[in-house]
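Results of the structural survey
Spelled out, the chains give:
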Amino acid sequence: MSDTLLPLLVALPLLGAVLAVAAGLASERAAAAVTTLVLAAQTGLAGWLGSQAVLDGPLSVGVGGFVAPYGIELVVDGLSAAVLVLVAVVSLAVLAFATEDAPGGTAFYAQYLLLVTGLSGMAVTGDVFNLYVFLEITGLATYALVASAGTGRSAVSALKYLLFGTVAASLYLLGVGYALMATGTLNMADLATELAAAGYDSPLVLASFGFIVVGLATKTALFPLHTWQPDAYADAPDSVSALIAALVSTVAAYALLRLIYTVYTPAFFEAVPVARDALVAFAAVSIVVGSVLAVTQSEIKRMLAYSSVSQYGLVVVGLAIGTPAAVFGAVVHLLGHAIMKGGLFVAAGAVADLTGARTVDEYAGLADRFPVLGGASAVLMLAMVGVPPAVGFAGKWYIALGAVRAGSWPVAVVIFASTLLTLAYFALLVERMFVAPASESVLAATDGGRDGDDDTDALGPSPPSASRPSRRALALVVGAAVVAIVLGVVVTDLGTALEPTIDTLLSP
Amino acid sequence: MSLSVPVAVVLLFMLGSALAAAVIRDVVGSIVAFAGYSFGVAVLWALLRAPDVALTEAAVGAGITTVLFLLTLARTTVTRSDRFEGISLRSGLAVVAIVVTVGATVPALPAVGDPSAPILAGDVSQYYLTNAYDQTGVTNVVTAVLVGYRGFDTLGEVAVVFAAGIAMLLVLRREAFV
Amino acid sequence: MTDIASLRPALAVAVAAAAVVPILVSARRPNLREGWTVLAAVGSFALVASMLPGALDGTVYVADFGPLVAGVEFSLRADPLGLLFATVASLLWLVTSFYSVGYMRGLDEDDQTRYFAAFAASVAAALGVAFAANLVTVFVFYELLTVATYPLVTHDETPEARAAGRKYLAYTFGGGVAVLAGTVLVATMADTTAFTAGGIGALANADPVLARVAFVLLIGGFGVKAALMPLHSWLPDAMVAPTPVSGLLHAVAVVKSGVFGIARVVLDVYGVDLTSALGVGLPLAIVAAATLLIASVIALRQDNLKRRLAFSTVSQLSYIVLGIAVLHPTSIVGGLMHIPAHAFMKLTLFFTAGAIHVETHTDDISEMAGIGKRMPLTMLAFGVAAAGMAGIPLVAGFVSKWYLLLGSVGAGQTVFAVALLLSGVLNIAYFWPVFYQAFFESADDHDAKPLVEFSLGGESRSLLPAESEPDPGTVTDGGHEDEDDHHHGGPPAGGWEHRGWRGGESTWFMLGPILAAMTGAVVLGVIPGTAVFLRLVKVIVTAATGVAV
Amino acid sequence: MIELLTTKYTYLVVVALLGIGAYVMIESDNFVKKIIGMNVFQTGIFVFFISSAFHTAGRSPVVQSGGGGGPFVSPLPQVLILTAIVVGVSLTAVALGLVVRIYERYGTINERTLEEVRADE
């Protein structure tokens, strides 16, 4: 019976967007309130349906009573349940920060809900063309939200993102076209059997795989297809950066996982090992280059953005290796990265609101003045580096275990080295925050400062007004840090919950 | 079907106008060439027995899109030029990469109009053709699939348009909303 | 051995970890804050000590917390080897807590709250390393130990301290990665990473090449913290940290966690037999022997007392590794015995160095001529501990070195016995000048140190500042002006004043711990059988090798 | 080659259109022209779909009861492309909106000029 409620996961935020516009006619606060209510309801719905899917096995429904493969099928298994819940929870949490940080306005809230619509749609659909439609909704909403910063810079970044994103989605569509050409069907489950019948070494199937992977890898921002991403993250409003860094690429990577294992199935990799090797190599390069680029950044948000390039490399390596442990590790890292990176972007936003600091150097001495914010950020960074027992370690452990079991030694080396690569940029920041003399912007944000020899009042009016981080931002960052650790501690429970799903995915 | 003269002419026209849109630096000229190209595409689709799509393309591709381009020019600036675009290493490489990878698959594609191709002979298309009228009562199967079997796509399509509208508000009329 | 489910190992870790919170909260009330530290130290030592009798009777306390990652339990297990390390760490933490108070207040340091919080966290992590029941759990605490000690290394916040901190992180996280890689390999080969006395059986059937690779990764990873050459260079740099940190963490907790890890790998993961069969024991022994000799020679050349002690640590740690790597039961007894022995002696030495720094701001040995007059008790303690380091009887070092020698000879590897003896001579060579400087020279008539300056025969000269020059270094109490200028130490004009033997030289917050640590070193040397450590070590070795020692 | 030309002709045009689209997006420094390129790229893919639906003897898919009156071309790709066209125009609209915004801000819609302007910021 809960099957029939699946379309609601998409309809609810879509309807919410309409409602938000309607409420916005009354007042902007009403729009914000509607958005909050809708996302809370979405969280409840996703949690409920997700738990059903985990406990009683996958839910599926043909929309409008048209059965698959003729109609569009929506499917929620353990994996999509996890992504759905992540989308709902993170968007609700970030909204708390967005209401005080972002440009606001009715259009902003409506677009925010449309982004959730697109992401939820991508997570629940069982049809490859339907996925394209939601990919584009997600894209459109993201471009607009990036540009909502209102600066010229953000408009340029959004346009660049739009051009890249459209080409990526078009390549995905071309891949769908090849698959359709080879099989005549669009339903994922149906495609799995039809593609096998068409023969995995058929040029059409290979081309479809190649275009779909390249398209989604661009959306996921793997090197060298990442070039839209740092600008977009850096120039978006801080809350939007947090939202898209946590969710947009995450769901794209989820889609990649879904297509590789539900549509192409492990048998495809068996038949065409070079496809797997290419994907692994591609992602491994992304890990290394992303980190190197992150080290060279002076701006915090850009550094975090390049860090994502590297971290998604790790995720894709895991899912490409394709042993149960590696795929589970990829999923854990996907979820964990969303939490950690989202928290870090919120922290970056809160710091910018507080002190105006946006570069690594300006972060100097931050933790002395704002110990809780600094401490929670440091926990998130160390979690990202892979210090146990946080979730960053758990993901890395499973991916590495999978790589070693699969005997992919060079990949194992890259995965292990990724710890040090990640350390390279985060350690620098931690050092600045904790044990460097305070920067001017940090000094300006606090009264005088401990050293007392700089009379900060003489520095003139400083842009930031607050002297302590907003309670919401602080709660989000601390919350993210706590979740990152808790998720790492309960990772085996997550493993138990997702085991049937992953076994099904990986069964030939 | 082997290549017929009308199709060949349309294809050549499309190619020519697309190429013109590409190389002309003059933006207005490029837009005009693009409109011509879109029109060519619409005609091609009519010839390929896709009247609904042809109509939409004529209205949306050749019509609305062109208007949008011109409106944009009206609100920004018109770059006049009587020169052509050059070619750089970057674009050259990209073009070669695309032509080689996509081109390599062409021999493997079923011939245009081959009735045994999976899309035509496959279960899904045949199911639509056989059952659409009985199940939906609509004689045009394209419409039946659009609003019936794949209605969820159409909902998504509506969401896309909605999102685009909101996006325009966010991007252009920001001041009014803040 | 019988396993008993008990929360005690976990509580010992938890008490130290939990202390972080009240310490941070009571930041504005230093006395209360230090009270928490002492309370936590007493608490966790009491918990650790309460498990000792059981351990000697073959009881193992196990606290199990369910799976950490698939197939690996998060489990703490107080077996004899773990207890050996935990007892040393928690007992010396208690001693160091008092000393820290004296030291930090004596220097009026900044960020004392952060210091005490990080200190408690570090000890908690070290106890976690001690009690961890498998490689993954060890890795968890090993990494947390790195994180917790980082703020202590960089405590001064000077560019020098930050550079040392960077180096520290790079080295130790690099080591952590190697440990993780080795752990993953072991998990893949044996399907378990749980420590088993005598080694994990399934490893014996694994691919020998992979097994060797995993061994090298694990030993290399732990070897970073154990400061095996050439992975040692973070340790001397980390001496920019406050002296209690150098003393407890960089002579006891952190470096010993590396040595301890090596012991775990050799004894409880691979087992003596497999290590020997794989032929990896001998190369490790050679590395250890080379380290202990080279580090001793380098120590000779260090004028900064803390750096000399650091290289001495590098050298002494290799005694332990050598003892284990020789794989003879007696040598293993010696190696393991050296864990507490070295801890007590080196802590004494660092404490004295710190006391000298607090009281006189003198860091360089060349400026210490005659300082025995100024700080007689301190320098006496220094002498006792240094004698122990060199292996002179009646101090702890003698006992462990005796077993090491016996073991090396017993194993037929006499060359290592020679290395040990040679190193004993070098130990005397680098400690004796300090002692000699302190008691037998005076500031205005002192010999150059031939071994340090390579000027044979030495020469007489005065260290005293020219009379007319105003001396910035005459600071025996009150604040100090400039941290960066470390040349403001040395004897005041007119030489060191004379202070009595009853504690006039410093505060009892420092003297007490110094004497306590020294007493520990002597007790271990005089009645090793009565003090619990030797019995514990014998239980461990019997379980690991099957041979009663 | 001749056979390719006579049986796969539309696909060859698709290849050319994709190439042309990509070329314009990279080569042109005028944002409006980049968007034209994007449109050419997208329609290239649309042509691919519609060609795949074609049946030599087929009619457009308007059926009577029971599917009589065939053969027909496949309705499925046509439906997809109807959706995709609308998506495409929405994207174009937003892209052009951004161009207008950029012009309001920087007074140029030329990528290179924009870089110079931003370098002076």
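Calculation notes
- Residues numbered from 1 in each chain as written.
- Chains lettered and ligands numbered in written order.
- Predicted model: local features only at pLDDT ≥ 70, side-chain atom pairs only at ≥ 80, totals over all residues.
- Heavy atoms only, no water.
- Helix = DSSP H or I, 4+ residues; strand = E, 2+ residues; numbered from the N terminus.
- Buried < 20%, exposed > 50% of the residue type's maximum accessible area, 1.4 Å probe, protein only.
- Contact = heavy atoms within 4.5 Å.
- Areas by Shrake-Rupley, 256 points an atom, 1.4 Å probe, with all protein chains shown as cover.
- Rg over C-alpha atoms; globule rule 2.2 N^0.38 Å.
- UniProt positions renumbered as here; feature names shortened; annotations may be inferred.
- Salt bridge = Lys/Arg side-chain N within 4 Å of Asp/Glu carboxyl O.
- Buried area = accessible area lost by both parts, 1.4 Å probe.
- Polar contact = N/O pair within 3.5 Å; in protein donor to acceptor, adjacent residues only side chain to side chain.
- Phe/Tyr/Trp six-rings, centres within 6.5 Å; stacked < 30°, edge-to-face > 60°.
- Nonpolar A, V, L, I, M, F, W, Y, C, P; charged D, E, K, R; others polar.
- Core = buried A, V, L, I, M, F, W, Y, C linked by side-chain atoms within 4.5 Å.
- Pairing = 2+ DSSP bridges.
- Axes fitted to C-alpha atoms, helices over the stretch in contact; angles between N-to-C directions.
- Parallel < 35°, antiparallel > 145°, perpendicular 65-115°, else oblique.
- Expected span 1.5 Å × (residues − 1).
- Patch = residues over 30% accessible without salt bridge, like charges linked within 9 Å, V, L, I, M, F, W, Y side chains within 5 Å.

Right, let's get into the overall build of chain C. Helix and strand counts for chain C stand at 21 helices and 5 strands. Put simply, chain C has 549 residues, and 64% of those count as buried. Within chain C, counting contacts between residues at least 6 apart in sequence, those at least 24 apart form 78% of the total. Carbon together with sulfur atoms contributes 64% to the accessible area of chain C, which is approximately 17,700 Å² in total.

Below, the discussion takes up the overall build of chain D. If you tally the helices and strands in chain D, you get 5 helices and 0 strands. Taken against the 2.2 N^0.38 rule, which gives 14 Å for 121 residues, the C-alpha radius of gyration of chain D at 20 Å runs more than 25% over that of a compact globule. Seen through its C-alpha atoms, chain D measures out along the principal axes to roughly 70 × 40 × 10 Å. By element, 55% of the accessible surface of chain D is carried by carbon and sulfur atoms, the whole surface being about 3,300 Å².

Our next topic: the UniProt feature "domain: NADH-Ubiquinone oxidoreductase (complex I) chain 5 N-terminal" (unreviewed entry) in chain C. Annotation from UniProt places "domain: NADH-Ubiquinone oxidoreductase (complex I) chain 5 N-terminal" (unreviewed entry) at residues 72-116 of chain C. Secondary structure content for residues 72-116 of chain C is 73% helix and 16% strand, while the C-alpha to C-alpha distance between its ends is 33 Å.

A cis amide bond links Ala-68 of chain A to the next residue, Pro-69 of chain A, at an omega of 0°. Within the fold, Pro-69 of chain A resides in the loop between β1 (59-62) and β2 (73-76). Here Pro-388 of chain A and Pro-389 of chain A are connected by a cis peptide whose omega angle stands at 0°. Here Pro-389 of chain A is to be found in the loop between α15 (371-385) and α16 (391-405). Phi is positive for Thr-265 of chain A, which is not a glycine, with a value near 65°. Judged by its relative accessible area of 13%, Thr-265 of chain A is buried. With phi around 65°, Arg-49 of chain B is a residue other than glycine that occupies positive phi space. Overall, Arg-49 of chain B belongs to the partly exposed group, its relative accessible area being 31%.

This brings us to the pattern of salt bridges. This structure, assessed with the given rule, holds 27 salt bridges over all chains. Of the charged contacts, one joins Lys-33 of chain D and Glu-85 of chain B as a salt bridge, the two residues approaching to 3.1 Å between their closest N and O atoms. Here Lys-33 of chain D, found in helix α3 (residues 31-53), pairs with Glu-85 of chain B, found in the loop between α3 (51-75) and α4 (89-105), and the two come from separate chains.

Once that is clear, we can look at the interface of chain A and chain B. Contacts between chain A and chain B engage 48 residues on the former and 34 residues on the latter. Summed over both sides, the interface between chain A and chain B buries roughly 3,400 Å², with carbon and sulfur atoms accounting for 77% of that surface. Three residues stand out in chain A for area buried against chain B, namely Phe-66, Tyr-70 and Met-181 of chain A, and they jointly supply 21% of the buried area on that side. Along the contact surface separating chain A from chain B lie 1 salt bridge. A salt bridge links Arg-150 of chain B to Asp-127 of chain A; its shortest N-O distance comes to 2.6 Å. Inspection of the region where chain A meets chain B yields 6 residue pairs in polar contact (both at pLDDT 80 or more).

On to the packing of aromatic side chains, then. All names here are of chain A. With the rule as written, the count across this model stands at 44 aromatic pairs over all chains. Ring centres of Tyr-233 and Phe-345 lie 5.7 Å apart, and the angle between their planes is 85°; on these two criteria the pair is classed as edge-to-face. Here the residue Tyr-233 occupies a position in helix α9 (residues 229-235), and Phe-345 occupies one in helix α13 (residues 324-355), the gap between them amounting to 112 residues. Pair check on accessibility: Tyr-233 and Phe-345 agree, each one buried. For the ring pair Phe-328 and Tyr-398, a centre distance of 4.8 Å and an interplane angle of 80° mean the geometry is edge-to-face. With Phe-328 in helix α13 and Tyr-398 in helix α16, this residue pair connects regions lying 70 residues apart in the sequence.

Tallying the contact residues gives 82 residues for chain D and 89 residues for chain B. Counting the surface chain D buries against chain B, the share from its top three residues, Tyr-9, Tyr-23 and Phe-54 of chain D, is 9%. One can count 3 salt bridges joining chain D with chain B. A salt bridge links Glu-104 of chain D to Arg-75 of chain B; its shortest N-O distance comes to 3.2 Å. In terms of residues, the side of chain D that touches chain B owes the most to one element, helix α4 (residues 75-106) of chain D, which gives 25 residues. Within the side of chain D that touches chain B, the residues separate by chemical class into 50 nonpolar, 25 polar and 7 charged.

Let us now look at the nonpolar core. Within the largest apolar cluster, 518 residues are counted, with the highest numbers of intra-cluster contacts made by Tyr-172 and Trp-397 of chain A, Met-14 and Trp-45 of chain B together with Phe-131, Tyr-270 and Leu-336 of chain C. No other element matches helix α10 (residues 238-271) of chain A, which puts 21 residues into this core. Tyr-172 of chain A has contacts with Val-128, Leu-131, Tyr-132, Leu-135, Phe-211, Ile-212, Gly-215, Leu-216 and Leu-259 of chain A, leaving out every residue within four places of it along the chain.

Moving on: the environment of Val-385 of chain A. Mapped onto the secondary structure, Val-385 of chain A falls in helix α15. Residues Val-385 of chain A and Ser-418 of chain A, spaced 33 residues apart in sequence, show a C-alpha to C-alpha distance of 8.2 Å. Dropping the residues within four chain positions of it, Val-385 of chain A is found in contact with Lys-396, Thr-419, Thr-422, Leu-423 and Phe-426 of chain A together with Phe-173 of chain C.

Next up on the list: the arrangement of the chains. Here 4 pairs of chains are in contact, and chains B and D lead that list by number of contacts. Between chain B and chain C there is no contact; the minimum C-alpha to C-alpha separation amounts to 39 Å. With respect to C-alpha atoms, chain C approaches chain D no nearer than 34 Å, and the pair has no contact.

Before going further, it helps to examine the UniProt feature "transmembrane region" (unreviewed entry) in chain D. Residue and element names in this part refer to chain D. Per the UniProt record, "transmembrane region" (unreviewed entry) is annotated on residues 6-26, 38-58 and 78-103. Note that residues 38-58 is 76% helix and 0% strand, and that its end C-alpha atoms are spaced 32 Å apart. Between the C-alpha atoms that bound residues 78-103 there is a distance of 37 Å. The span itself is 100% helix and 0% strand.

Turning to the side chain of Thr-501 of chain A, a few remarks are in order. All names here are of chain A. With respect to the element layout, Thr-501 can be found in helix α20 (residues 491-506). A distance of 3.1 Å separates the side chain of Thr-501 from the backbone nitrogen of Gly-78, its partner in a polar contact. In contact with Thr-501, other than residues within four places in its own chain, are Asp-77, Gly-78 and Leu-79.

All right, on to the pairing of strand β3 (residues 72-78) of chain C then. Residues and elements named next belong to chain C. Summarising burial for β3: 5 of the 7 residues are buried, a large majority. Sheet topology note: the strand β2 (residues 59-69)/β3 ladder contains 6 bridges and is antiparallel. The partner of Val-69 across the bridge, within β3, is Val-72. The antiparallel hairpin formed by β2 and β3 contains 2 residues in its connecting segment, where Gly-71 sits at a positive phi of about 80°.

Once that is clear, we can look at the packing of helix α2 (residues 27-47) of chain B against α3 of chain B. All names here are of chain B. The N-to-C vectors of α2 and α3 enclose an angle of 170°; their axes lie 8 Å apart at closest approach. The pairing of α2 with α3 is recorded here as roughly antiparallel in orientation. Seen from α2, the contacting residues are Val-27, Val-28, Ile-31, Phe-34, Ala-35, Ser-38, Phe-39, Val-41, Ala-42, Trp-45 and Ala-46; seen from α3, they are Val-53, Ala-54, Glu-57, Ala-58, Gly-61, Ala-62, Thr-65, Thr-66, Phe-69, Leu-70 and Leu-73. Class assignment of the residues belonging to the contact of α2 with α3 gives a composition of 17 nonpolar, 4 polar and 1 charged.

What follows covers the sheet that holds β2 of chain C. All names here are of chain C. Spatially, 3 strands are ordered β1-β2-β3 in an open sheet, and the strand pairing comes out mixed. Here the strands that pair on one side only, and so sit at the sheet edges, are β1 (2-5) and β3. Across the sheet, the mean angle from the axis of one strand to that of its neighbour is 40°, orientation sign disregarded. As defined by bridge partners, β1 adjoins β2 across 4 bridges and the pair is classed as parallel.

Here helix α1 (residues 8-26) of chain A spans 26 Å end to end across 19 residues, near enough to the 27 Å set by a 1.5 Å rise per residue. Here α1 of chain A has its buried residues at Leu-9, Val-10, Pro-13, Leu-14, Gly-16, Ala-17, Ala-20, Ala-23 and Gly-24 of chain A.

Before going further, it helps to examine the environment of Leu-327 of chain C. All names here are of chain C. On the secondary structure map, Leu-327 appears in the loop between α13 (305-326) and α14 (329-360). Residue classification places Leu-327 among the buried residues on the basis of a relative accessible area of 14%. Between the C-alpha atom of Leu-327 and that of Glu-109, which follows or precedes it by 218 residues, the distance is 46 Å. Discounting chain neighbours no more than four positions away, the residues touching Leu-327 are Val-266, Val-272, Thr-275, Ser-276, Gly-281 and Ile-332.

In this fold, Thr-166 of chain A is placed in helix α6 (residues 152-183). A distance of 2.6 Å separates a polar atom in the side chain of Thr-166 of chain A from the backbone oxygen of Leu-162 of chain A. Look past the residues within four positions of Thr-166 of chain A in its chain and what remains in contact with it is Tyr-143 of chain A together with Met-38, Gln-42 and Leu-91 of chain D.

A grouping of Val-372, Val-478, Val-482 and Val-486 of chain A is seen on the molecular surface, where their side chains present a nonpolar patch of about 290 Å² in accessible area. Among the secondary structure elements, Val-482 of chain A is positioned in helix α19 (residues 471-489).

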